[in-house]
Amino acid sequence: MDTLVAQLQRQFRDYTISLYHQGFLDDQFTELKKLQDECSPDFVAEVVSLFFEDCEKLIGNMARALDQTGNVDFNLVGSSVHQLKGSSSSVGAKRVKGLCVTFKECCDSQNFEGCVRCLQQVDIEYKSLKAKLQDLFSLEQQIVQAGGRIPQVDI
């Protein structure tokens, strides 16, 4: 049993470090993790889940707005991009936040093709991050179920 816990903890550490090194997460995610404690063991998963719900809504709104060919409200799209940038920044979603900067520039210059391309990239990155964080949270659950503690990971 102890060997299983140690193996899962090592996997958790390595996977967490890889998410930072690959640019998926930044220090804000670390700060978010610090807010989680025994009283709220699912705090980060809940906050991240809300973030992903927000992403889906905002991406849908932007897609609909950009679907109005010839009549795109770039201010509306830009507002949604700004919201997405803020929420991605608050959870430490580094790649999504970075794409939002470029996306906002495309909105400001009313670059339709650039906006469409950025929307596609944001959608891909958000889905990739979601899958990776689901894997990370799954590892956490496996560690706890095996009787272990979630290790502190210093980046």
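Structure: above.
Residues numbered from 1 in each chain as written. Predicted model: local features only at pLDDT ≥ 70, side-chain atom pairs only at ≥ 80, totals over all residues. Heavy atoms only, no water.

The biggest cluster of nonpolar side chains holds 45 residues, and the ones touching the most others in it are M62, V77, L84, F103 and L133. Looking at this core, the elements with two or more residues in it are helix 1 (2-21), helix 2 (27-34), helix 3 (43-66), helix 4 (74-91), helix 5 (94-108) and helix 6 (112-145). Among the elements that line this core, the one with the most residues is helix 6, at eleven residues. Each residue touching L84, except ones within four places of it in the same chain, is listed here: F51, C55, L58, M62, V96, C100 and V122. (Core = buried A, V, L, I, M, F, W, Y, C linked by side-chain atoms within 4.5 Å. Buried < 20%, exposed > 50% of the residue type's maximum accessible area, 1.4 Å probe, protein only. Helix = DSSP H or I, 4+ residues; strand = E, 2+ residues; numbered from the N terminus. Contact = heavy atoms within 4.5 Å.)

Turning our attention to the layout of surface pockets. If you add up the space inside the largest pocket, you get close to 830 Å³. Surrounding the largest pocket, 26 residues form its lining, K33, Q36, P41, E140 and I150 being those nearest its centre. Looking at the lining of the largest pocket, its residues break down into 13 nonpolar, six polar and seven charged. (1 Å grid on protein atoms, 1.4 Å probe; cavity = no way out; pocket = protein on both sides within 12 Å on 5 of 7 lines; lining within 4 Å. Points joined across faces, edges and corners; volume = space filled by probe spheres on them. Nonpolar A, V, L, I, M, F, W, Y, C, P; charged D, E, K, R; others polar.)

On to the packing of aromatic side chains, then. How two aromatic rings sit relative to each other is set out by the distance from centre to centre and by the angle between their planes. If you walk through the whole model with that rule in mind, you get two aromatic pairs. Taking the centre distance of 5.2 Å and the plane angle of 55 degrees together, the rings of F51 and F52 count as tilted. For F52, a relative accessible area of 5% corresponds to the buried category. These aromatic residues form a ring-pair network of at least three members: F51, F52 and Y126. Directly above the aromatic system of F24 lies the positively charged group of R95, at a separation of 3.8 Å from the ring centroid. (Phe/Tyr/Trp six-rings, centres within 6.5 Å; stacked < 30°, edge-to-face > 60°. Lys NZ or Arg CZ within 6 Å of the ring centre and 35° of its normal.)

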